Amino acid sequence: MRIAVIGAGYVGLVSGACFSEFGIDVVCVDRDENKVALLQRGQMPVYEPGLAALVKSNAEAGRLSFTTALHGAVAEAEAVFIAVGTPCRCDNNGHADLSDLFEAAREVAEALRGYTVVVIKSTVPVGTGRKVESIIRATRQDIPLDVVSNPEFLREGSAIHDFVRPDRVVVGTDSERAREVMRQLYRMLYLRETPILFTNLETSELIKYAANTFLSLKIAFINEMADLCERIGTDVCDVAHGIGLDSRIGHKFLHPGPGYGGSCFPKDTLALVHTARDHGVPLRIVETVVDMNKSRKKEMAGRIIAACGGSVSGKTIAVLGLTFKPNTDDMRESPSLDIIPALQKAGAAVRAFDPEGMNEARKIMPDILYCPNAYETMKGAEALVILTEWNEFRSLDLGRMRRLLKELIVVDLRNIYDPSDVMQAGFQYTCIGRSSNKTL
Ligand code: UGA
C-alpha cells in the first residue's frame, strides 16, 4: 500500500515513520523546504526518542521519503493522511485554527486521481470532517473519495511506542470501502488484537477531545487534592495510590504537579469548551479545569518565593527542567513559561538547565543564564527548583548539591524525591501535596 502524509510535524512524522515500519510505502509532504531538506539528510526537526533511527532505517529500505511536492505524492496514494497543525488562536476566540487544514484539503482535492481515502489525523472540532468532505467534493465531483477521522493518541516522549502498541485505534467513517482501507493500513495492529473502534466521523472527532479532556480533568483533580493534603498534613501520593488501586479509577495521570502543559491539553480543553458553548451546552467541569490549570501555573512562582522566605529579590534561583514534560524539547505551554518570568519579575536571577529544551527556551526566555548541566546550574544559587521530571534529575548527589548551593532550599514541583532523604541531608524541601516544608 502507498500513503501520503501531509504535514511532517510531530504527528505526521511519527505516524509516517511508524506506517513505513508496518511495511507501507509512505511519502511525507511538508511545504517547509528547510524541514524537508533536514529530513532528507536524516536529521529530525523535533526531539523524540527512537524517531531518528526509525526514519533512517525505513528511508534506507526505500519505504519512507520526504518531499515538498504534494501533487505527486497524493496522486499515487491510496490514502492521504492530513496531519497539519490546528493551533488554538486567541484571536479566534479559543477555537482551533483550521486554515492550514482546509488549505491542505483544497490542495489534496486538486491532486486526486482515483478513489482515495482522505484521513484526518489532526485534532479537529466536531464537524470538521464533513467540512473537509464538502471542500474536496466541491472541487472534485469526478473522483470517488471518503473522508475518515483517525485521531492520534500519541504522547510526546513515547510516541513511537504509543503508535505501535496503542490502547485502541479509532476510525470514524460511514463508508465500508474506507473502513477496509483503514483495516489494511492498521493490519499489523489488528493482528496484535489491538481494539479498532469504528464510529461515524463526528463521534471519532469527539472521542479525541473527550479523551484529552478527561485526562486533563484527572490531573486537575489530583492537583486540587494535593492542595488539600498540604493543608491537612497528609500525603497526596498515598491518596493517589489508594484511589488508583480502584480499577475504575486507575493510577495513570494522577501525578500532581505545577499544572499540565504541552501542545495538546491546554489547546484541546479550550477548544472543547468553545465547541460546547457554540452548541449551547456549557461544559462547566471542563471550564473550571481550564481556569484552574491556568491559575495553578501562575501560583507556582508564589510557592517558590514562599520557600525562599518570602522574597527572591536579588537572589539566584537554579531551575532544572524547562520543557512541559521530560523526553521532549517542546516548550509549548510549559509551566516554566509562567514560573520563570514571575520569579524574574520578583527580582530573581535565574540559572537553568534542560537536557533537550534549551534551544527552544532561549528563543522565548533569553534572560536566563543557561548552564551545561544540573550541577553547574546550582553553583551559588539560593534555591534549587525542579520543574520537569527528567530521569537525570531523579538521583542527584545530595552531598554535591550541599556544596554547590548557597542556601539549602529545594523546591520539587514534580515530587521526584523522597522528602525524608532530602530533609535528612539538611535541605529545606518543598514539594507538592506532601507535608515536608520543614528542615528535619
Ligand atoms: C497528550 C495525551 O496524553 C496523548 O494521548 C495525546 O495524543 C496528545 O496529548 C495529543 O493530543 O497529541 P502529551 O501532550 O504528549 O500527550 O503529554 P502528556 O504525557 O499527556 O502530558 C501532558 C501534561 O500533563 C504535561 O505537562 C504533564 O507534565 C502533565 N501531567 C501528566 C501531569 O501533571 N500529571 C500527570 O499525572 C500526567
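Everything numeric here is computed off the predicted structure, so don't read it as measured data.

### What about the pairing of strand S10 (residues 349–353)?
Of all five residues in S10, four are buried, a share of seventy percent or more. Relative to S10, strand S9 (residues 316–320) runs parallel, the two being bridged by five bridges. Note that in S10 the partner of Ile317 across the bridge is Val350. Chirality of the crossover, the property in question, places the unit of S9, helix H14 (residues 336–345) and S10 among those that are right-handed. Pairing geometry for S10 and strand S11 (residues 369–370), over two bridges, is parallel. Residue pairing for S11: Arg351 is matched across the bridge by Leu369. For the segment spanning S10, helix H15 (residues 358–364) and S11, crossover handedness is right-handed.

### Brief notes about the pattern of salt bridges
In this structure the tally under the stated criterion is 29 salt bridges. A salt bridge links Glu230 to Arg303; its shortest N-O distance comes to 2.9 Å. Note that Glu230 is positioned in helix H10 (residues 201–232) and Arg303 in helix H13 (residues 284–307), a separation of 73 residues in sequence. A salt bridge links Lys406 to Glu382; the nearest nitrogen and oxygen atoms lie 3.5 Å apart. Of this pair, Lys406 sits in the loop between helix H17 (398–404) and strand S13 (409–412) while Glu382 is found in the loop between helix H16 (374–378) and strand S12 (383–386), placing the two residues 24 residues apart along the sequence. Judged by its relative accessible area of 12%, Glu382 falls in the buried class. One network of salt bridges, with partners in common, ties together Arg130, Glu133, Arg137, Asp174 and Glu202.

### Focus on the nonpolar core
Soluble globular proteins: nonpolar side chains tend toward being buried together. Membership of the largest hydrophobic core comes to 59 residues, with the highest contact counts inside it found for Ile317, Val319, Leu322, Leu343, Met378 and Met401. Counting residues per element, this core draws most heavily on H13, which supplies five residues. When near neighbours in sequence (up to four residues on either side) are disregarded, Leu322 contacts Met331, Ser334, Ser336, Ile340, Ala352, Asp354, Met358, Ala361, Met365, Tyr370 and Thr388. With 42 residues, the next largest nonpolar core counts Val5, Ala159, Val181 and Leu185 among its residues.

### A short note on the domain arrangement of the protein chain
By the assigned domains, the protein chain splits into domain 1 (2–199) and domain 2 (298–430). For domain 1 and domain 2, the distance between their C-alpha centres works out to 38 Å. Taken residue by residue, the interface counts seven residues in domain 1 and eight residues in domain 2. Interface of domain 1 and domain 2: buried area, both sides summed, is about 600 Å²; carbon and sulfur atoms make up 43% of it. Sorting the residues of domain 1 by area buried against domain 2 places Tyr47, Glu156 and Gly157 first, and these three jointly supply 84% of that buried surface. On the surface where domain 1 and domain 2 come into contact, there are one salt bridge. Our count for the contact surface shared by domain 1 and domain 2 stands at three residue pairs in polar contact (both at pLDDT 80 or more). Across the side of domain 1 that touches domain 2, the residue classes break down as three nonpolar, one polar and three charged.

### A closer look at H13
End to end, H13 covers 34 Å across 24 residues, agreeing with the expected 34 Å (1.5 Å per residue, within 8%). Along its length, H13 shows its largest kink, about 30 degrees, at Lys297. In the segment just after H13, Gly309 is the residue with positive phi, at about 90 degrees.

### Some details on the sheet that holds S12
Pairing is parallel across the open sheet formed by six strands, whose spatial order is S11-S10-S9-S12-S13-S14. The sheet is open, and its two borders are formed by S11 and strand S14 (428–430), each paired with just one other strand. On the sheet, H13 packs against S12, S13 and S14 and is oriented at approximately 160 degrees with respect to S13.

### Observations regarding the pairing of strand S2 (residues 25–29)
Along any regular strand the residues' side chains alternate between the sheet's two faces. The buried fraction of S2 is high, at four of five residues. Bridge count for strand S1 (residues 2–6) against S2 is five bridges, and the pairing is parallel. What sits directly across from Ile3, in S2, is Val26. One crossover worth recording links S1 to the parallel S2 by way of helix H1 (residues 10–21), and it is right-handed.

### A short note on empty space enclosed by the protein
Overall, the coordinates contain one cavity of 30 Å³ or more when judged by the stated rule. There is about 50 Å³ of room inside the largest cavity. Taken together, Ile120, Ser122, Thr123, Val124, Ser149, Asn150, Pro151, Glu205 and Lys208 make up the full set of residues lining the largest cavity. Partitioned by chemical class, the residues of the lining of the largest cavity number three nonpolar, four polar and two charged.

Each value, and the rule that gives it
Residues numbered from 1 in each chain as written. Predicted model: local features only at pLDDT ≥ 70, side-chain atom pairs only at ≥ 80, totals over all residues. Heavy atoms only, no water. Buried < 20%, exposed > 50% of the residue type's maximum accessible area, 1.4 Å probe, protein only. Helix = DSSP H or I, 4+ residues; strand = E, 2+ residues; numbered from the N terminus. Pairing = 2+ DSSP bridges. Right-handed = clockwise from strand over helix to strand, strands pointing away. Salt bridge = Lys/Arg side-chain N within 4 Å of Asp/Glu carboxyl O. Core = buried A, V, L, I, M, F, W, Y, C linked by side-chain atoms within 4.5 Å. Contact = heavy atoms within 4.5 Å. Domains from an automatic or database assignment. Buried area = accessible area lost by both parts, 1.4 Å probe. Polar contact = N/O pair within 3.5 Å; in protein donor to acceptor, adjacent residues only side chain to side chain. Nonpolar A, V, L, I, M, F, W, Y, C, P; charged D, E, K, R; others polar. Expected span 1.5 Å × (residues − 1). Bend = angle between axes of the 7 residues up to and from the residue. Axes fitted to C-alpha atoms, helices over the stretch in contact; angles between N-to-C directions. 1 Å grid on protein atoms, 1.4 Å probe; cavity = no way out; pocket = protein on both sides within 12 Å on 5 of 7 lines; lining within 4 Å. Points joined across faces, edges and corners; volume = space filled by probe spheres on them.

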